[in-house]
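So you can see what is in the structure, the chains are spelled out below.
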Amino acid sequence: LKRAQRCVEVSDSQAQVTERWNRDHHGRIWYQRIFHTEKKVIEYQPTDLVLGGVESGWARISQIIDPRELQQLAIKPGSEKFEGQSVLVYEGMREGTQVQVRWLTAASIPERLVFTTKSGATSSLQLISIDRHDSKKEECHPPALHDYDSIDFSDIGDRHDSFLERLMRFEGFGHGHR
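Everything quoted here is computed from the prediction, not taken from an experiment.

## Description of the pattern of salt bridges
- Scanning all chains against the criterion turns up 11 salt bridges.
- Residue Arg68 pairs with Asp66 through a salt bridge whose shortest N-O separation is 2.5 Å.
- Among the residues examined, Arg68 registers a relative accessible area of 54% and is labelled exposed.
- A salt bridge links Arg102 to Glu80, with the shortest nitrogen-to-oxygen separation between them at 2.1 Å. Remark: Glu80 occurs in strand 6 (residues 74–82) and Arg102 occurs in strand 8 (residues 97–104); sequence separation between them is 22 residues.
- The buried category is assigned to Arg102, whose relative accessible area is 15%.

## Considering the sheet that holds strand 6
- Taken in spatial order, the five strands line up as 6-7-8-9-10 in an open sheet, and their pairing is antiparallel. Both outer strands of the open sheet, strand 6 and strand 10 (122–126), are each paired with one neighbouring strand and no more. The sheet shows a mean angle of 15° between the axes of neighbouring strands, direction not considered.
- Judged from the six bridges that link them, strand 6 and strand 7 (residues 85–94) form a sheet pairing that is antiparallel. Pairing of Glu80 across the sheet is with Val87, part of strand 7.

## A look at the environment of Thr105
- With respect to the element layout, Thr105 can be found in the loop between strand 8 and strand 9 (109–116).
- For the pair Thr105 and Gln85, spaced 20 residues apart in sequence, the C-alpha separation works out to 7.8 Å.
- Residues within four places of Thr105 in sequence aside, it is in contact with Ser86 and Leu88.

## Remarks on the sheet that holds strand 5 (residues 40–44)
- Ordered in space as 1-2-3-4-5-11, the six strands form an open sheet in which the pairing is mixed. A strand with exactly one partner marks an edge of an open sheet, and here the two such strands are strand 1 (2–4) and strand 11 (149–152). Averaged over all neighbouring strand pairs, the angle between strand axes comes to 15°, with direction disregarded.
- The pairing of strand 5 with strand 11 spans four bridges and is parallel. Residue pairing across strands places Lys40 opposite Asp149, the latter belonging to strand 11.

## Regarding the environment of Glu83
- For Glu83, the position within the fold is in the loop between strand 6 and strand 7.
- Linking Glu83 and Leu104, residues 21 residues apart in sequence, is a C-alpha distance of 9.9 Å.

## Describing the packing of aromatic side chains
- Evaluated as defined, the whole model comprises four aromatic pairs.
- A centroid spacing of 4.9 Å and a plane angle of 45° characterise the contact between Tyr31 and Tyr44, whose relative ring orientation is tilted. Separated by 13 residues along the polypeptide, Tyr31 in strand 4 (residues 29–35) and Tyr44 in strand 5 bring together distant segments of the chain. The pair formed by Tyr31 and Tyr44 is uniform in burial state, with each residue classed as buried.

## With respect to the nonpolar core
- Within the largest apolar cluster, 33 residues are counted, with the highest numbers of intra-cluster contacts made by Trp21, Ile42, Val101, Ile156 and Leu164.
- For this core, the elements supplying multiple residues, two or more each, are strand 3 (17–23), strand 4, strand 5, helix 2 (58–63), strand 7, strand 8, strand 9 and helix 4 (162–171).
- Contact partners of Val101, with chain neighbours within four places excluded, come to Ile65, Leu70, Leu73, Leu88, Val89, Tyr90, Pro110, Arg112 and Leu113.

The rules behind these values
Residues numbered from 1 in each chain as written. Predicted model: local features only at pLDDT ≥ 70, side-chain atom pairs only at ≥ 80, totals over all residues. Heavy atoms only, no water. Salt bridge = Lys/Arg side-chain N within 4 Å of Asp/Glu carboxyl O. Buried < 20%, exposed > 50% of the residue type's maximum accessible area, 1.4 Å probe, protein only. Helix = DSSP H or I, 4+ residues; strand = E, 2+ residues; numbered from the N terminus. Pairing = 2+ DSSP bridges. Axes fitted to C-alpha atoms, helices over the stretch in contact; angles between N-to-C directions. Contact = heavy atoms within 4.5 Å. Phe/Tyr/Trp six-rings, centres within 6.5 Å; stacked < 30°, edge-to-face > 60°. Core = buried A, V, L, I, M, F, W, Y, C linked by side-chain atoms within 4.5 Å.

Here it is in structure tokens:
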């Protein structure tokens with residue numbers, strides 16, 4: 001997880017996928033899904049996000065969890081720390097899933113999110129470290145993508161590519177423009 005004032009990146013090291021959100025000075029939001037193994041980038045324009053009904057409020061994106069959802073969870077008693085910072089632990093159920101959020105109060109970001117389904121399947125997001133030196137930095141350093149194939153989301157249905165066909169089957173995209 002990387003966060004700056006106008007950029008948020010969440011990387012899944014196992015899947016080799018990075019989600020990158022950028023916000024310009026006018027508040028418009030762009031989104032990229034970067035598939036490192038395949039060397040492909042799917043670029044979502046602000047219009048794509050709106051038409052797709054994607055939640056793109058910057059508070060939700062930059063804090064990883066919607067602040068309104070956090071307020072619906074119970075605060076676990078006791079005090080904990082992460083890299084010397086105070087952590088509040090929130091727990092509760094959300095849509096049938098057990099949720100635990102270890103929240104860094106000063107940074108307004110989760111140190112750890114854990115989701116456990118009724119069947120016991122668990123997924124989590126872990127903050128590795130906080131870069132205190134760049135807390136006012138506006139941009140994330142963009143990954144080197146010059147040798148990646150850039151694909152505009154609105155063109156997905158028009159391209160004949162085995163990677164996109166697998167992605168559409170897995171994620172349920174339909175053919176054609178959204």
